[in-house]
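Each chain is listed here by its residues.
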There are 4 protein chains.
Amino acid sequence: MIPRYARPEMTAIWDPSTRFRIWFEIEAHACDAMAELGVIPKANAEAVWKAKDVEFDVARIDEIEAVTKHDVIAFLTHLAEHVGADEARFVHQGMTSSDVLDTCLNVQMARAADILLADIDKVLAALKRRAYEHKDTVRIGRSHGIHAEPTTMGLTFARFYAEMDRNKRRLAAARAEIATGAISGAVGTFANIDPRVEEHVCKMLGLTPEPISTQVIPRDRHAMFFATLGVIASSIENVAIEIRHMQRTEVLEAEEFFSAGQKGSSAMPHKRNPVLTENLTGLARLVRACVIPALENVALWHERDISHSSVERGIAPDATVTLDFALNRLAGVIDKLVIYPETMLNNMNKFKGLVMSQRVLLALTQAGVSREDSYRLVQRNAMKVWEQGKDFKQELLADPDVTAALSPAEIEEKFDLGYHTKHVDTIFARVFGETA
Amino acid sequence: MIPRYARPEMTAIWDPSTRFRIWFEIEAHACDAMAELGVIPKANAEAVWKAKDVEFDVARIDEIEAVTKHDVIAFLTHLAEHVGADEARFVHQGMTSSDVLDTCLNVQMARAADILLADIDKVLAALKRRAYEHKDTVRIGRSHGIHAEPTTMGLTFARFYAEMDRNKRRLAAARAEIATGAISGAVGTFANIDPRVEEHVCKMLGLTPEPISTQVIPRDRHAMFFATLGVIASSIENVAIEIRHMQRTEVLEAEEFFSAGQKGSSAMPHKRNPVLTENLTGLARLVRACVIPALENVALWHERDISHSSVERGIAPDATVTLDFALNRLAGVIDKLVIYPETMLNNMNKFKGLVMSQRVLLALTQAGVSREDSYRLVQRNAMKVWEQGKDFKQELLADPDVTAALSPAEIEEKFDLGYHTKHVDTIFARVFGETA
Amino acid sequence: MIPRYARPEMTAIWDPSTRFRIWFEIEAHACDAMAELGVIPKANAEAVWKAKDVEFDVARIDEIEAVTKHDVIAFLTHLAEHVGADEARFVHQGMTSSDVLDTCLNVQMARAADILLADIDKVLAALKRRAYEHKDTVRIGRSHGIHAEPTTMGLTFARFYAEMDRNKRRLAAARAEIATGAISGAVGTFANIDPRVEEHVCKMLGLTPEPISTQVIPRDRHAMFFATLGVIASSIENVAIEIRHMQRTEVLEAEEFFSAGQKGSSAMPHKRNPVLTENLTGLARLVRACVIPALENVALWHERDISHSSVERGIAPDATVTLDFALNRLAGVIDKLVIYPETMLNNMNKFKGLVMSQRVLLALTQAGVSREDSYRLVQRNAMKVWEQGKDFKQELLADPDVTAALSPAEIEEKFDLGYHTKHVDTIFARVFGETA
Amino acid sequence: MIPRYARPEMTAIWDPSTRFRIWFEIEAHACDAMAELGVIPKANAEAVWKAKDVEFDVARIDEIEAVTKHDVIAFLTHLAEHVGADEARFVHQGMTSSDVLDTCLNVQMARAADILLADIDKVLAALKRRAYEHKDTVRIGRSHGIHAEPTTMGLTFARFYAEMDRNKRRLAAARAEIATGAISGAVGTFANIDPRVEEHVCKMLGLTPEPISTQVIPRDRHAMFFATLGVIASSIENVAIEIRHMQRTEVLEAEEFFSAGQKGSSAMPHKRNPVLTENLTGLARLVRACVIPALENVALWHERDISHSSVERGIAPDATVTLDFALNRLAGVIDKLVIYPETMLNNMNKFKGLVMSQRVLLALTQAGVSREDSYRLVQRNAMKVWEQGKDFKQELLADPDVTAALSPAEIEEKFDLGYHTKHVDTIFARVFGETA
């Protein structure tokens, strides 16, 4: 977690005070359920709630842990300081530390997922707005970095929308994966605790009881969660790379918004660098780096070993905080992206008319010229445009082999931009689920 | 793809001949749709099907590609050799190579997913059978590799079942992710091809039309697919590690089936090594290694660059073939695993009665002893078992501070194994969704 | 960087105040060199050193950066507040931000490497001491987790020593890789700054001038550095896994030192868990996770893009702080590891005499029995030990086919442990480079 | 290993026949050494060499392995078929399979490294030639994809040269890491084999004896080897990305060589796509994907487990074959890269004179204008060039605040390109170690 790339709302989830608050709730709800089942006295369960509004003293808990070398015991000792040693003596009864730790972690991850889902909604809103705004803004489509055929800026935004919308569904599924809780005791057998305690605690915390846990909640769930974050991060990179390309000096079809006081370079004052999307490219790498450790965490020894713990202390905050920051930055970048439609047209016409070669090729074929001959006819005229800066249409009109197959009017018609945008509405309807 | 870790059914999917067969189907169905729309003559569409039963000549296509340096053009040229140059001249009209390549890849990946889903079913069947077989086979549960409390071998199988069942659902979702097709032309605008062609081809191949494609189908889909395979591989490792631990000489609670002619070691004839599960551990690493490249493939330049292609030529066969082999090997290992219930009991009793310490702790607390005092009482007797080989129950019965709180009968009762297995049926019902 | 897994000495390197201190030194030394070359007035160069003992105000610099959105400009503005606007006006002349940032990063990484090298020395010292202490402590060697032949605990320590010693050499090489500096201007051409300035600054900071930089120092250097940390982390995991295996209940050949107040489990007071080495296993995953992002950072656009920066803000502290902590923890674990030689012998004799089977096999072969027959003879007797708990030596003495080839004395001699340890001194001499 | 990205020389190293050939040599040399030591009869050692020129029958060995499920035993059985059962009976005596397997693997990896080193030499030669050819070919340097200051194409090649030269040294070090052999018996104690056998075999195969092995050669060595390949692959990506950028339609400063018969696109005949460098980008991802599994292979259980084996069956050929192909492809791309110096100048002047802004800024500062004022002066004129297409020099000459500080001649002088290239020779001397 890098402070400069962190937002308070997400950071707060991983604060020790939040963790202790959730631990408290787990223990208190568990006491309630045990009291309800007659396992412990109701008075003791009620007494625990005395600490309901306590701000737990993180430093004090750390101090106790320094002696016990065990975080949950340290917390319980501190809790007893608030509730009273006698009243607190049934707290955690029949439970194991991991019941608290793992259920808490999943509460935190589910909350983090909720923030990330809201973040994605921001990105989606920005993408949709810009998509409709530039639905008909023609620009050249490129494959291999080379001009291909015309498309529109709206379609670019629309495809990022569709991709991010898939990410939303993936994240919702990943959230469901980790929104489970377990209060099943030392090795998951419920030997010392009734399964109904688990059910109650989970219900109160908005979780599903883990069908079968060992000492821990199985880590394939977390692996799937982090893998999903890795995919979302890669989609962010995908958008970022597009914008960085658009902003490069020779292309300049768009620029990140450049505020008044901002300085692009200590040395070259004219520079406006796509630093936000470059940053997003790097942040994507950081989030992705959490995937493999999460996968390595799945295979624990027997009913659990604790190797996963230090990994999760790192990647759980790192991945969620970084991704939250990145999604918000991305929403802002898209929202304020300065777009230059005129440059888009100029770029498209860099090689005059050449991007229409495919249409001409097709027309020749349909006019009865063999595919191979059509290809040769198009290529020989295209090469003059490419190498000598000629105008493709004029060259075609002057090529007797071409005009033998196509009339001037037919050739002229092949250079109509509307031909390329005629299905934009169809695609928008597919993506945004509405008639455009 | 390592031949020794490959099964023919999966390997066949990635054979060039399969690829050309699928390419043919895409082109032929596209011709049908275009003919139906009146874009090309029906006769030409029908002519293409002349190649329906042709075994395409891979070597010949390679030969043409060596000249054209373009695989789809090479195939189309070869197809024309079968169909006739004139009849074939409308094949691929308005399409771009990626329409064929990407739709084909997704057909292959969907087929691979189908095999993997069937593989998981085999693993699930074996796990379920063994789970019920050993539902009540008591063994010690271990955390940190240290004895904790009793559990049963059936629960171990059941948790692997639950995990693999989650993987089945993940894989089904991942299959849906990549079961899309695109016939949308050079940059995805349908400028030269009617969207209805895409719809027809997808329908005939069991795919969903990609809502918005560029030149390619977006790679976040494939990233999600490979990430899911990585999770499944990690679950395989999880089972493999468990079995490897069970087979180690000092534990010996289970062994991989050891066939008659097999030799464990060129040097030590008595050795029976868990080589299959060790192998699975390694194969899991290989499958996992495909995840990051798949994530790196998401961010392509503009409407596409071809960097993803070489990656997919590697990871698509590698990950699916290796995972298919691993799942099958795993199913076999589980199916034939030799289990030693007697050793399980002996291991549990290595430190006589010590694994019951948690119950005694709880009983003391419930009898009114403070948590801290209970802990001390249990620990001082436990240490005598641990360090001097004493019998825990006998020590407790001889400790006046303990007997002051608990009667001999109460102490005796704490050593009942049934206490630990009383919820096994509950858990089985959760996992297998039926009353046990 | 996880506070609980961080040591102050390493953390301090990554503190903003350290960074600003190094920036200051780079700028001040650069001014000196420029003054020496007559490019700027000597008085101005001298004036900069007024800030020599200044504690830079991190909050103030952050405040300025909030406006300028550029960290180096913010620092220079703040520096001018100390030095005087007029006196400071030649600071940074002809330089670009990256000259400062990259040279500073490499100073930090070189310092981090120095700490890590000292850490490795601690690990090496502990390993060497324990190796000699247990040079002749016999334990069973295991392959596949299965008993193989006797070895000694000293050899185990010795092999970890040799591995860690290789890591030391790798780290020294990796340190040299990143101990370069660059003061080469906007795109590395020295257009606005004399190469001698770079030479002077590098010399004063203990760096080598980067032979050819662009705007940045090439990132293949950093990639190699982080890759090396990943290898070291994997070696830590290697030791950790060994100790975790040794401590598992059924093996119990060693235990991590367990201090008085420490509680192993909130539920099971007898438990002594190898939590330190489990933790090291997890920390290794975290360090390893920094490798791929560092590799992805190598390919920057043209003379640089800034995508690497956010990555390095994460992985540079994360990897070095975590590895530093892990190496120190490892040194402590090794130093205090409690070793149980008696259990080692007991474990070795679990299957009476069986681990000598290879020797017997060899003896039979040398006595003229064919390899295949020898193998069969050994295996049939070995199986009786394995399956029925018989004593291998007694079985051999009772097998007429065996005694036809080997005399009782010859058989007896095969069970001498000294046979297996006779080359320990040879190996120690190879590893520790001295006569034992 | 993808056939289309494989060269025969490297592929041959990983052919089963090569492996068996090396196994034979190891066994035969070991017999020689044992005979020399008097451990086995000289006649038997000599007899083994009867198989010196035998082409081992891979199918036959596979057939035997299908029964024994052990590859080395299968080989030894087959070897005996050539040498004679009686003569062969001392082959492999006192050795363990891994002695053969690991020593063989390292021979293969060392040979692979030799090919890769030769590959790098090809790349270096091409880079050096092109560097000198374009030493003075001016192009714009870019940071963030935005024009910065002039540099030369020669410097671009030179920096790739320096980077690849570092890779050569890294690879040489990595080769030394894995060029070790071990013939130390079942758990590495030399109990059944004299260390001098290891010395002899290693000497004959060009290896160094592993100072301390267990059953296997320690895998940190291989981890370092594969990590190094990952770095090299990332450097390849670095060059590839540069070329892909240069070839994009709007930049077009260079193009991959485009042969006569080649077709860029099935749809757009004018297209010349940088498919080779895009391919290299993908291949880099594939090689990098081998790093993490190699790191995961380091921590084996006790004296070894066999999990590393399947991983290495994948990554050893995959990484070396792919990298070999990629380096060769890269050498070819560089060698034949078509460079357009005129376009470079045109691109640089897209915003007339703007790239000189840093020089003007510096001149103003040196003329006594404060840094902040200079920055503002430069920026306000720069913005007119950027936004209105004005000529930077003309704007400066017309700005009274500028001309108050700088004379027209001084302004004029700032636009001299030679200013930026004056240190090219210095840098070349640093990189190529010679006077230019």
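Each chain has its residues counted from 1, following the order in which its sequence is written. Lettering of chains starts at A and numbering of ligands starts at 1, both following the order in which they are written. Reporting in this predicted model follows two pLDDT cut-offs: at least 70 for local features of residues, and 80 or more for side-chain atom pairs to be given and counted; totals over whole chains, interfaces and linings ignore these cut-offs and use all residues.

- An unreviewed UniProt entry annotates chain A as Adenylosuccinate lyase of Rhodovulum euryhalinum.
- UniProt positions are given in the numbering used here, feature names are shortened, and annotations may be inferred rather than shown by experiment. The record held by UniProt for chain A lists under Sequence similarities (unreviewed entry) the comment "Belongs to the lyase 1 family. Adenylosuccinate lyase subfamily."

**Focus on the environment of D86 of chain B**
At step 1: Mapped onto the elements of the fold, D86 of chain B is located in the loop between α5 (71-83) and α6 (97-133).
At step 2: Considering only alpha carbons, one finds D86 of chain B and R196 of chain B, 110 residues apart in sequence, at a separation of 25 Å. Comment: elements are numbered from the N terminus, with helices defined as DSSP H or I runs of at least four residues and strands as E runs of at least two.

**Re the packing of helix α9 (residues 220-247) of chain A against helix α12 (residues 307-336) of chain A**
All names here are of chain A.
At step 1: It is the contact of α9 with α12, at a shortest axis distance of 11 Å, that shows an interaxial angle of 30°. For the element pair α9 / α12, the angle class is roughly parallel. Crossing geometry of α9 relative to α12 is assigned as left-handed. Touching F226, L229, I232, A233, I236, V239 and I243 of α9 are I315, A319, L323, A326, L330 and V333, all from α12.
At step 2: Its residues placed into classes, the contact of α9 with α12 shows 13 nonpolar, no polar and no charged. Interaxial angle, 0 to 180 degrees, is taken between N-to-C directions of lines fitted to C-alpha atoms, where a helix line uses only the stretch in contact. Here the word oblique covers every angle except those under 35 degrees (roughly parallel), over 145 (roughly antiparallel) and from 65 to 115 (roughly perpendicular). The hand of a helix crossing depends on one turn: near helix anticlockwise from the far one by less than a right angle means left-handed, and clockwise means right-handed. The contact criterion used here is simple: two residues whose C-beta atoms, placed from the backbone, lie within 7 Å are in contact. Residues are grouped as follows: nonpolar covers Ala, Val, Leu, Ile, Met, Phe, Trp, Tyr, Cys and Pro; charged covers Asp, Glu, Lys and Arg; every other residue, Gly included, is treated as polar.

**Thoughts on the relation of the copies chain B and chain A**
At step 1: Each copy is superposed on the other by least squares, with the fit set by C-alpha atoms of residues at a pLDDT of at least 70 in both. If you rotate chain B by 180° and push it 0.0 Å along the axis, it lands on chain A with an RMSD of 0.0 Å. The superposition of one copy onto the other is thereby described by a two-fold rotation axis. No C-alpha of chain B approaches the rotation axis more nearly than that of A227 of chain B, which lies at 3.0 Å.
At step 2: In this assembly, 100% of the residues forming the interface of chain B have copies in chain A that are likewise at the interface, indicating an isologous arrangement.

**Here's the deal with the interface of chain B and chain A**
At step 1: On the side of chain A, 69 residues touch chain B, which itself brings 69 residues to the contact.
At step 2: At the level of secondary structure, the elements contributing two or more residues to the side of chain B that touches chain A comprise β1 (138-143), β2 (146-152), α7 (153-178), α9 (220-247), α11 (291-296), α14 (357-366), α19 (418-421) and α20 (424-432) of chain B.
At step 3: Top element by residues in the side of chain B that touches chain A is α9 of chain B. It accounts for 13 residues.
At step 4: Grouping the amino acids of the side of chain B that touches chain A by side-chain chemistry returns 29 nonpolar, 23 polar and 17 charged.

**Topic: the relation of the copies chain B and chain D**
In summary, the two copies of the chain are related to each other by a rotation about an axis coupled with a shift along it.
At step 1: Rotating chain B by 180° and translating it 0.0 Å along the rotation axis places it on chain D, where the RMSD comes to 0.1 Å.
At step 2: Of all interface residues in chain B, 100% are interface residues in chain D too; the two copies therefore contact each other through one and the same surface.

**Examining the UniProt feature "domain: Adenylosuccinate lyase C-terminal" (unreviewed entry) in chain A**
At step 1: Summarizing the sequence annotation, UniProt attributes the feature "domain: Adenylosuccinate lyase C-terminal" (unreviewed entry) to residues 352-432 of chain A in the numbering used throughout.
At step 2: For the annotated span residues 352-432 of chain A, helix accounts for 70% and strand for 0% of the residues, and the straight-line distance between the end C-alpha atoms is 34 Å.

**Looking at the interface of chain B and chain D**
At step 1: Counting residues at the interface gives 40 residues for chain B, matched by 40 residues for chain D.
At step 2: Going through the elements one at a time, α4 (58-68), α5, α10 (275-288), α11 and α12 (307-336) of chain B are the ones with two or more residues in the side of chain B that touches chain D.
At step 3: Among the elements that line the side of chain B that touches chain D, the one with the most residues is α10 of chain B, at eight residues.
At step 4: Split into classes, the residues belonging to the side of chain B that touches chain D amount to 17 nonpolar, 16 polar and seven charged.

**Things to note about unusual backbone geometry**
Residue and element names in this part refer to chain A.
At step 1: Not every positive phi belongs to a glycine, and H92 is a case in point at roughly 75°.
At step 2: Following the sequence through the fold, H92 ends up in the loop between α5 (71-83) and α6 (97-133).
At step 3: Residues with at least 20 other C-beta atoms within 10 Å of their own are called buried, those with 12 or fewer are called exposed, and the rest are partly exposed. The C-beta atoms themselves are positioned from the backbone. A tally of 25 C-beta atoms within 10 Å means that H92 is categorised as buried.

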